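Residues per chain, in single letters:
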Amino acid sequence: MSHHIVAVKHLKYVYADGTVALQDVNFTIHHGESVAIIGANGAGKSTLLLHLNGYLTPTAGEIRIGDFPLTKQTLPEIRRTVGMIFQDPDDQLFMPTVFDDVAFGPFNLGLPVDEVRQRVREVLEQVGAAHLMEKPPYHLSGGEKKRVAIATVLSMSPDILVMDEPTSGLDPFARRQLIGLLKDFRHTRIFTSHDLDMVLELCERTIILHQGVVKADGPTLEIFGDEALLAECRLEKPLSMQGCPVCGQGRREQRNTERKGSGGVNNS
Amino acid sequence: MRRKSRRFDPRLTPHFKLLTPHSYLLTNHMRSIDGAVLDLKRLDLLATGDSVIHRLDARAKVLTTLVFIISVVSFNRYEFTALFPFFLYPVVTASLANLPGGYIVRKIGMVIPFAFVVGMLNPLFDREVLVRLGPLAVTGGWISCASIIIRTVLTVGAAFILVGVTGFLAVCQALEKLGTPRTFTVQLLFLYRYIFVLTEEGARASRARELRSCGRKGLGLASFGSLIGHLLIRTWLRAERIHMAMLARGFTGEFHSRQVSAFGWRELCYVAGWSTLFVTLRLENGAQWLGRLVTGLLS
């Protein structure tokens, strides 16, 4: 099943204004893996994602998706293989109704109308949005839009799902629903996110990007356990690993002792 | 005691007094820009309906509309009465397709001022009296001005109804099938698509400006210059992101529609029927003919 592999070798990208977004990025993601790419603002996450679908051409280095190197000739096949879900669902939904939007990809693949109808129904049911089929996308709530945006990509049966900040802007319930949905997928999944608790739940592996290079790459729990590394990359432990702020466990206790020691002034 | 018994009215507090007119204007303004966009989108949504007219092949509707527009436009400038029978087409189509009449009329109403500007000078320059209605002398200028307005109402109405019963996407597809170069139809589609992007960005930018200018004029014209510049760049970036999303889903310059339809007998009859009527009404003055018929019957 080598066709679900994403391999990035010595990737470098310099923007037209001379900003070096990616210096030397190397990693390989295997079939069925769920990987988070995290990092501070401006670390190069979005630039990296735009390479995986061939929007940006590397200044140097190589990207291989499955068995193909990413070139102009392989681009159509790679764009079908890699389903890209954008941070702002409004960028992704542009047709008059949800149905048309979800059908946009399958139609472009040249599928017959009946097959398209069936696929649209299936994926909308899968993401729990079948009742929205005939609605215009701009009337949906944030969570619904996100789910429809995912459906638009799923309808093309991608092997690899790439998502930029999937939980941004969602309320706790919609976020929980989305995490549940993403957990069930069996695709190779690549996320970028600042929602590290989501990363902890969804990804067994995490890659930290820092100033255009891969600073760390390993099991998520291990990486989140290394506070020095996180601080260096302008990150923090996920809240769920930080101890309870109410019941007195973890940091709170530490803070209290500090407060007593410094005569009531809390510097932490 | 008296003061206590009075109900609390927030408008009486000075703070609220200050805010009310401004926030009222503000919400009204926002509603107008966003509302106009939503209103246009509504036209596209109407096209998802299901009726005898909706089910026809898009090419038939495009061709009929073309013949209609050419017939209406090709009348000479003083023609007035002969235009009225043409209202039959938009009225019949809209009612068969269950389009909301009030909405279409409002949409057309938005264009009338522009038509009036075009014809406004005619009464001043063309003062030759053509018709006398008792003591009232109607000059050629007034007739041609009215003719321009009626033609606008007819053609714009027909175009609105075409989009309302077909959808912009399908209209472009039909144009392509009828031989228009694809580059042109795709440009047209993008133009249509990006109108929404531009107006949405515009509404956001102007809202941000107004919220910070506290009901006054802000920085005046100067701030508008940079606002428009930003708007262009933001729209550009957003358009690029949308284009990316389209490419990601295999867009190759072709839009597809779920409606499968063929140009059959029904379409042929539709085009032929309406076209014959339009050409006849163009050559014969239908209103006069009807008038003669009625007076003939009465006498």
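All values reported here derive from a predicted model rather than from experimental measurement. (Residues numbered from 1 in each chain as written. Chains lettered and ligands numbered in written order. Predicted model: local features only at pLDDT ≥ 70, side-chain atom pairs only at ≥ 80, totals over all residues. Heavy atoms only, no water.)

Participant: Would you mind going over the pattern of salt bridges in detail, with residue names and values included?
Facilitator: Residues and elements named next belong to chain A. The tally for this structure, following the rule as stated, stands at 20 salt bridges over all chains. Across the salt bridge formed by Arg205 and Glu33, the nearest N and O atoms sit 3.0 Å from each other. Placement of the pair is Arg205 in strand β9 (residues 205–210) and Glu33 in the loop between β2 (20–29) and β3 (34–38), with a sequence separation of 172 residues. Glu33 sits in the buried class, given a relative accessible area of 16%. Arg176 serves as the salt-bridge partner of Glu201, at 3.0 Å between the closest nitrogen and oxygen. Of this pair, Glu201 sits in helix α8 (residues 196–202) while Arg176 sits in helix α7 (residues 172–184), and the two are 25 residues apart along the sequence. Residue classification places Arg176 among the partly exposed positions, given a relative accessible area of 41%. (Salt bridge = Lys/Arg side-chain N within 4 Å of Asp/Glu carboxyl O. Helix = DSSP H or I, 4+ residues; strand = E, 2+ residues; numbered from the N terminus. Buried < 20%, exposed > 50% of the residue type's maximum accessible area, 1.4 Å probe, protein only.)

Participant: Go over unusual backbone geometry with me, naming the residues and quoting the values.
Facilitator: Even without glycine at this site, His10(A) takes up a positive phi of about 45°. Inspection of the secondary structure puts His10(A) in strand β1 (residues 6–14). In the Ramachandran plot, Asn98(B) falls in the positive-phi region, its phi being about 55° despite a non-glycine side chain. Residue position: Asn98(B) is located in the loop between α5 (88–96) and α6 (101–109). What makes Asn98(B) exposed here is its relative accessible area of 62%.

Participant: Which residues make up the interface of chain B and chain A, and what values go with them?
Facilitator: Residue-level contacts link 25 residues of chain B with 30 residues of chain A. Both faces considered, chain B and chain A share a buried interface measuring about 2500 Å² in area, 61% of it formed by carbon and sulfur atoms. At the boundary of chain B with chain A, the tally comes to 4 salt bridges. Note that Asp101(A) and Arg249(B) form a salt bridge whose closest N and O atoms lie 3.4 Å from each other. Secondary structure elements with two or more residues in the side of chain B that touches chain A: α2 (14–46) and α12 (221–248) of chain B. Examining the composition of the side of chain B that touches chain A, we find that 8 residues originate from one element, α12(B), more than from any other. (Contact = heavy atoms within 4.5 Å. Buried area = accessible area lost by both parts, 1.4 Å probe.)

Participant: Now, about the packing of aromatic side chains: what can you tell me, with residues and values included?
Facilitator: Residue and element names in this part refer to chain B. With the rule as written, the count across this model stands at 14 aromatic pairs over all chains. Pairing Phe68 with Phe278 gives two aromatic rings, centres 5.1 Å apart and planes at 65°, and the pair type is edge-to-face. In this pair, Phe68 sits in helix α4 (residues 58–73) while Phe278 sits in helix α13 (residues 265–283), placing the two residues 210 residues apart along the sequence. Their ring planes at 25° and their centres at 6.1 Å tell us that Phe86 and Phe278 sit as a pair that is stacked. (Phe/Tyr/Trp six-rings, centres within 6.5 Å; stacked < 30°, edge-to-face > 60°.)

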